[in-house]
Amino acid sequence: DAGVIQSPRHEVTEMGQEVTLRCKPISGHNSLFWYRQTMMRGLELLIYFNNNVPIDDSGMPEDRFSAKMPNASFSTLKIQPSEPRDSAVYFCASSLRVAGTQETQYFGPGTRLLVL
Amino acid sequence: GQQVMQIPQYQHVQEGEDFTTYCNSSTTLSNIQWYKQRPGGHPVFLIQLVKSGEVKKQKRLTFQFGEAKKNSSLHITATQTTDVGTYFCAGIRGTDKLIFGTGTRLQVFP
(Lines give C-alpha, C1' and ligand atoms only; values in the text may rest on other atoms or scores of the structure.)
Protein backbone atom coordinates (compact mmCIF):
# COMPACT_ATOMS: atom_id res chain seq x y z
CA ASP A 1 0.00 0.00 0.00
CA ALA A 2 1.23 3.48 -0.82
CA GLY A 3 1.80 5.55 2.25
CA VAL A 4 1.83 9.32 2.47
CA ILE A 5 3.85 10.70 -0.41
CA GLN A 6 5.80 13.93 -0.15
CA SER A 7 7.80 15.82 -2.71
CA PRO A 8 10.43 16.95 -3.05
CA ARG A 9 12.38 14.88 -0.54
CA HIS A 10 15.14 17.49 -0.40
CA GLU A 11 15.09 21.15 -1.29
CA VAL A 12 17.92 23.64 -1.21
CA THR A 13 17.02 27.20 -2.05
CA GLU A 14 18.21 30.71 -1.54
CA MET A 15 16.69 33.20 0.83
CA GLY A 16 13.81 35.06 -0.75
CA GLN A 17 12.78 32.28 -3.08
CA GLU A 18 9.38 30.65 -3.05
CA VAL A 19 9.23 27.08 -1.83
CA THR A 20 6.35 24.71 -2.45
CA LEU A 21 6.07 21.40 -0.64
CA ARG A 22 3.62 18.78 -1.82
CA CYS A 23 1.76 15.99 -0.12
CA LYS A 24 -0.46 13.15 -1.25
CA PRO A 25 -2.27 11.59 1.71
CA ILE A 26 -3.24 7.95 2.02
CA SER A 27 -6.29 7.24 -0.09
CA GLY A 28 -9.47 7.30 1.98
CA HIS A 29 -8.03 9.40 4.77
CA ASN A 30 -9.99 12.54 5.58
CA SER A 31 -7.53 14.48 7.73
CA LEU A 32 -4.19 15.94 6.73
CA PHE A 33 -1.55 17.54 8.89
CA TRP A 34 1.56 19.60 8.18
CA TYR A 35 4.35 19.49 10.76
CA ARG A 36 7.73 21.15 11.00
CA GLN A 37 10.61 19.54 12.88
CA THR A 38 13.78 21.24 14.06
CA MET A 39 16.31 20.43 16.73
CA MET A 40 15.43 23.54 18.67
CA ARG A 41 11.64 23.42 18.52
CA GLY A 42 10.93 19.73 18.05
CA LEU A 43 7.84 18.60 16.16
CA GLU A 44 5.38 21.44 15.62
CA LEU A 45 1.94 21.20 14.08
CA LEU A 46 1.55 23.96 11.50
CA ILE A 47 -1.94 23.34 10.18
CA TYR A 48 -4.44 20.57 9.73
CA PHE A 49 -7.32 19.93 7.39
CA ASN A 50 -10.42 17.83 7.81
CA ASN A 51 -12.35 16.95 4.65
CA ASN A 52 -10.14 19.44 2.77
CA VAL A 53 -11.13 22.31 5.07
CA PRO A 54 -8.48 24.01 7.22
CA ILE A 55 -9.48 23.45 10.84
CA ASP A 56 -6.60 24.88 12.82
CA ASP A 57 -3.81 27.01 11.39
CA SER A 58 -2.68 28.47 14.70
CA GLY A 59 0.71 26.85 14.27
CA MET A 60 1.50 28.60 11.02
CA PRO A 61 4.47 30.81 11.91
CA GLU A 62 3.58 33.88 9.88
CA ASP A 63 2.03 35.19 6.71
CA ARG A 64 4.90 33.87 4.66
CA PHE A 65 3.43 30.40 5.15
CA SER A 66 0.28 29.23 3.41
CA ALA A 67 -1.30 25.83 2.92
CA LYS A 68 -3.99 24.58 0.59
CA MET A 69 -5.88 21.37 0.06
CA PRO A 70 -7.77 21.68 -3.23
CA ASN A 71 -8.96 18.07 -3.10
CA ALA A 72 -8.81 14.97 -0.94
CA SER A 73 -5.65 13.67 -2.57
CA PHE A 74 -3.37 16.68 -2.63
CA SER A 75 -2.08 19.42 -0.39
CA THR A 76 0.61 22.06 -0.65
CA LEU A 77 2.57 24.09 1.87
CA LYS A 78 4.08 27.23 0.45
CA ILE A 79 6.70 29.53 1.90
CA GLN A 80 7.10 32.89 0.22
CA PRO A 81 9.59 34.42 0.66
CA SER A 82 11.73 31.78 2.33
CA GLU A 83 14.23 32.63 5.07
CA PRO A 84 17.17 30.68 6.54
CA ARG A 85 15.22 30.11 9.77
CA ASP A 86 12.67 28.12 7.76
CA SER A 87 15.26 25.38 7.31
CA ALA A 88 13.73 22.24 8.80
CA VAL A 89 12.17 18.92 7.97
CA TYR A 90 8.54 19.32 6.96
CA PHE A 91 6.30 16.33 7.47
CA CYS A 92 2.88 15.68 6.10
CA ALA A 93 0.67 13.18 7.90
CA SER A 94 -2.79 11.84 7.20
CA SER A 95 -5.41 9.98 9.18
CA LEU A 96 -8.94 8.69 9.04
CA ARG A 97 -10.89 10.67 11.58
CA VAL A 98 -14.06 8.99 12.79
CA ALA A 99 -16.37 10.74 15.22
CA GLY A 100 -15.69 9.75 18.80
CA THR A 101 -12.30 8.15 18.14
CA GLN A 102 -8.75 9.36 18.12
CA GLU A 103 -7.05 8.30 14.97
CA THR A 104 -3.53 7.18 14.20
CA GLN A 105 -1.51 9.57 12.10
CA TYR A 106 0.59 8.21 9.25
CA PHE A 107 3.57 10.33 8.41
CA GLY A 108 5.23 10.84 5.07
CA PRO A 109 9.01 10.65 4.64
CA GLY A 110 9.36 14.40 4.99
CA THR A 111 10.91 17.18 2.94
CA ARG A 112 14.29 18.38 4.13
CA LEU A 113 14.44 22.08 3.40
CA LEU A 114 17.60 24.14 3.53
CA VAL A 115 17.36 27.86 2.90
CA LEU A 116 20.71 29.50 2.31
CA GLY B 1 -2.18 26.16 26.19
CA GLN B 2 -1.86 22.45 26.45
CA GLN B 3 1.73 21.27 26.82
CA VAL B 4 3.24 17.82 26.77
CA MET B 5 6.73 17.43 28.17
CA GLN B 6 8.99 14.42 28.08
CA ILE B 7 11.98 13.48 30.18
CA PRO B 8 14.74 12.78 29.72
CA GLN B 9 15.59 14.68 26.57
CA TYR B 10 18.44 12.28 25.79
CA GLN B 11 19.37 8.86 27.09
CA HIS B 12 22.44 6.82 26.30
CA VAL B 13 22.42 3.19 27.42
CA GLN B 14 24.51 0.11 26.96
CA GLU B 15 22.86 -2.62 24.97
CA GLY B 16 20.94 -4.85 27.36
CA GLU B 17 20.14 -2.08 29.81
CA ASP B 18 16.59 -0.92 30.40
CA PHE B 19 15.23 2.45 29.30
CA THR B 20 12.27 4.54 30.40
CA THR B 21 10.86 7.80 29.07
CA TYR B 22 8.21 9.80 30.88
CA CYS B 23 5.52 11.98 29.40
CA ASN B 24 3.66 14.65 31.37
CA SER B 25 0.73 16.79 30.33
CA SER B 26 -0.42 20.05 31.86
CA THR B 27 -4.02 18.95 31.34
CA THR B 28 -6.01 15.73 31.57
CA LEU B 29 -5.88 13.77 28.35
CA SER B 30 -8.52 11.74 26.57
CA ASN B 31 -5.90 9.37 25.30
CA ILE B 32 -2.23 9.20 24.53
CA GLN B 33 -0.30 7.81 21.61
CA TRP B 34 3.35 6.85 21.27
CA TYR B 35 5.46 7.21 18.15
CA LYS B 36 9.01 6.21 17.27
CA GLN B 37 11.22 8.08 14.85
CA ARG B 38 14.40 6.42 13.64
CA PRO B 39 17.36 8.67 12.79
CA GLY B 40 16.66 10.29 9.44
CA GLY B 41 13.18 8.81 9.37
CA HIS B 42 9.65 9.85 10.15
CA PRO B 43 7.46 9.23 13.21
CA VAL B 44 5.78 5.86 13.19
CA PHE B 45 2.79 5.01 15.37
CA LEU B 46 3.45 2.47 18.11
CA ILE B 47 0.40 2.35 20.33
CA GLN B 48 -2.57 4.19 21.81
CA LEU B 49 -3.70 4.18 25.45
CA VAL B 50 -7.19 5.27 26.39
CA LYS B 51 -8.14 4.07 29.85
CA SER B 52 -6.93 5.40 33.17
CA GLY B 53 -4.17 3.17 34.51
CA GLU B 54 -3.98 1.21 31.27
CA VAL B 55 -0.89 -0.90 30.63
CA LYS B 56 -0.04 -2.37 27.25
CA LYS B 57 2.91 -4.44 26.14
CA GLN B 58 4.58 -4.92 22.79
CA LYS B 59 7.35 -7.48 23.18
CA ARG B 60 10.04 -5.63 25.17
CA LEU B 61 8.08 -2.36 25.28
CA THR B 62 5.66 -1.57 28.10
CA PHE B 63 3.38 1.46 27.90
CA GLN B 64 1.48 2.88 30.84
CA PHE B 65 -1.18 5.58 31.16
CA GLY B 66 -1.41 7.28 34.53
CA GLU B 67 -4.43 7.03 36.80
CA ALA B 68 -5.11 10.75 36.44
CA LYS B 69 -4.60 10.54 32.65
CA LYS B 70 -2.02 13.31 32.79
CA ASN B 71 1.11 11.23 32.40
CA SER B 72 2.42 8.20 30.60
CA SER B 73 5.58 6.16 30.36
CA LEU B 74 7.34 3.89 27.92
CA HIS B 75 9.72 1.27 29.28
CA ILE B 76 12.01 -0.83 27.13
CA THR B 77 13.49 -3.93 28.70
CA ALA B 78 16.94 -5.08 27.61
CA THR B 79 17.51 -2.50 24.90
CA GLN B 80 18.87 -3.47 21.52
CA THR B 81 20.60 -1.36 18.90
CA THR B 82 17.41 -1.49 16.85
CA ASP B 83 15.70 0.53 19.58
CA VAL B 84 17.73 3.61 18.66
CA GLY B 85 15.59 6.60 17.80
CA THR B 86 13.44 9.32 19.26
CA TYR B 87 10.30 8.35 21.12
CA PHE B 88 7.41 10.79 21.15
CA CYS B 89 4.25 10.73 23.17
CA ALA B 90 1.28 12.59 21.74
CA GLY B 91 -1.66 13.56 23.84
CA ILE B 92 -5.11 14.73 23.00
CA ARG B 93 -7.89 16.27 25.02
CA GLY B 94 -11.42 15.66 23.85
CA THR B 95 -11.66 15.88 20.10
CA ASP B 96 -8.83 18.37 19.75
CA LYS B 97 -5.68 17.89 17.78
CA LEU B 98 -2.78 15.73 18.88
CA ILE B 99 -0.07 17.56 20.80
CA PHE B 100 3.30 15.91 20.43
CA GLY B 101 5.69 15.78 23.33
CA THR B 102 9.23 17.06 23.19
CA GLY B 103 10.62 13.58 22.54
CA THR B 104 13.32 11.44 24.14
CA ARG B 105 16.29 10.52 21.99
CA LEU B 106 17.63 7.06 22.79
CA GLN B 107 21.11 5.96 21.86
CA VAL B 108 22.14 2.35 22.46
CA PHE B 109 25.79 1.42 22.50
CA PRO B 110 26.68 -2.17 21.56
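Keep in mind it's a predicted model, so treat the numbers as computed, not measured.

## Considerations on the interface of chain B and chain A
Here's step 1: At the interface, 20 residues of chain B touch 18 residues of chain A.
Here's step 2: The contact between chain B and chain A buries some 1,500 Å² in all, and 52% of this surface belongs to carbon and sulfur atoms.
Here's step 3: For chain B, the biggest contributors to the area lost against chain A are B:His42, B:Lys97 and B:Phe100; these three give 32% of the whole.
Here's step 4: At the boundary of chain B with chain A, the tally comes to zero salt bridges.
Here's step 5: Taken together, the connections running from chain B to chain A amount to three residue pairs in polar contact (both at pLDDT 80 or more).
Here's step 6: Examining the composition of the side of chain B that touches chain A, we find that four residues originate from one element, strand S4 (residues 31–37) of chain B, more than from any other.
Here's step 7: Of the residues belonging to the side of chain B that touches chain A, the class tally is eight nonpolar, nine polar and three charged.

## With respect to the pattern of salt bridges
Residue and element names in this part refer to chain A.
Here's step 1: Under the criterion given, the structure shown has 10 salt bridges over all chains.
Here's step 2: Taking the shortest distance from any N to any O, the salt bridge between glutamate 62 and arginine 85 comes out at 3.2 Å. Residue glutamate 62 is located in the loop between strand S6 (53–56) and strand S7 (65–71), and its partner arginine 85 is located in the loop between strand S8 (74–79) and strand S9 (88–95); the two are separated by 23 residues in the primary sequence.
Here's step 3: Taking relative accessible area as the criterion, glutamate 62 reaches 26% and is therefore assigned partly exposed.
Here's step 4: Glutamate 83 is the salt-bridge partner of arginine 64, the closest N and O atoms lying 3.5 Å from each other.

## Re the pairing of strand S9 (residues 85–92) of chain B
Residues and elements named next belong to chain B.
Here's step 1: Most of S9 is tucked away: eight of the eight residues are buried.
Here's step 2: Direction of pairing for S4 relative to S9: antiparallel, over a ladder of seven bridges. Across the sheet, residue asparagine 31 finds its bridge partner in S9, namely isoleucine 92.
Here's step 3: Here three bridges tie S9 to strand S11 (residues 104–109), and the two strands are oriented antiparallel to one another. Paired with tyrosine 87 across the strands is threonine 104, a residue of S11.
Here's step 4: By the bridge criterion, two bridges tie S9 to strand S10 (residues 99–100) in an arrangement that is antiparallel. Along S10, the bridge assignment pairs alanine 90 with phenylalanine 100.

## Some words on the sheet that holds S8(A)
Residue and element names in this part refer to chain A.
Here's step 1: Strand order in the open sheet formed by four strands is S1-S3-S8-S7, and the pairing between neighbours is antiparallel. Edge positions in the sheet fall to strand S1 (5–7) and S7, since each has one partner strand and no second. Neighbour to neighbour, the strand axes of the sheet diverge by 15° on average, direction disregarded.
Here's step 2: Here strand S3 (residues 19–24) pairs with S8 via five bridges, running antiparallel. Looking at S8, one finds that arginine 22 is bridged to threonine 76.

## Side note on the packing of aromatic side chains
Here's step 1: This structure, assessed with the given rule, holds 12 aromatic pairs over all chains.
Here's step 2: Relative to B:Tyr35, the ring of A:Phe107 has its centre 5.9 Å away and its plane inclined at 80°; by these criteria the two rings are edge-to-face. A residue pair is termed interchain when its members come from two chains, as with A:Phe107 in strand S10 (residues 106–107) and B:Tyr35 in strand S4. The pair formed by A:Phe107 and B:Tyr35 is uniform in burial state, with each residue classed as buried.
Here's step 3: For the pair B:Phe19 and B:Tyr87, a centre-to-centre distance of 6.0 Å together with 45° between the ring planes defines the contact as tilted. Of this pair, B:Phe19 sits in strand S3 (residues 19–25) while B:Tyr87 sits in strand S9, and the two are 68 residues apart along the sequence. As far as burial versus exposure is concerned, B:Phe19 and B:Tyr87 are alike and both buried.
Here's step 4: Here a set of aromatic residues connected by ring pairs shows up, and it is made of A:Phe33, A:Tyr35, A:Tyr48, A:Phe91, A:Phe107, B:Tyr35, B:Phe45, B:Phe88 and B:Phe100.

Cut-offs applied
Residue numbers here run from 1 along each chain, matching the order of that chain's written sequence. Written order decides the labels, with chains lettered from A and ligands numbered from 1. Per-residue local features of the predicted model are confined to residues with pLDDT of at least 70, and side-chain atom pairs are confined, for both listing and counting, to 80 or more; whole-chain, interface and lining totals are unaffected and use all residues. With hydrogens and water excluded, all non-hydrogen atoms of the structure serve as input to the side-chain values. Any pair of residues with heavy atoms lying within 4.5 Å of one another is described as a contacting pair. Summed over both partners, the accessible area lost on bringing two parts together, with a 1.4 Å probe, is the buried area. Salt-bridge detection follows one rule: a side-chain nitrogen of Lys or Arg within 4 Å of a carboxyl oxygen of Asp or Glu. Here a polar contact means two N or O atoms within 3.5 Å. Within protein one must be a hydrogen donor candidate and the other an acceptor candidate, and residues neighboring in sequence count only if both atoms are side-chain atoms. Secondary structure counts use DSSP, requiring at least four H or I residues in a row for a helix and at least two E residues in a row for a strand, with both numbered from the N terminus. Residues are sorted three ways: Asp, Glu, Lys and Arg are charged, Ala, Val, Leu, Ile, Met, Phe, Trp, Tyr, Cys and Pro are nonpolar, and all the rest, Gly among them, are polar. Each residue is placed in one exposure class: buried if its accessible area under a 1.4 Å probe, protein chains only, is under 20% of its type's maximum, exposed if it is over 50%, and partly exposed if it falls in between. The pairing criterion for strands is at least two bridges between them, as found by DSSP. Working convention: axes come from line fits to C-alpha atoms, limited for helices to the stretch in contact. Angles between N-to-C directions cover 0 to 180 degrees. Any pair of Phe, Tyr and Trp rings, taking the six-membered ring for Trp, is counted once the centres come within 6.5 Å. Such a pair is stacked with planes under 30 degrees apart, edge-to-face with planes over 60 apart, and tilted for the rest.

Honestly, it's all geometry; don't read function into it.
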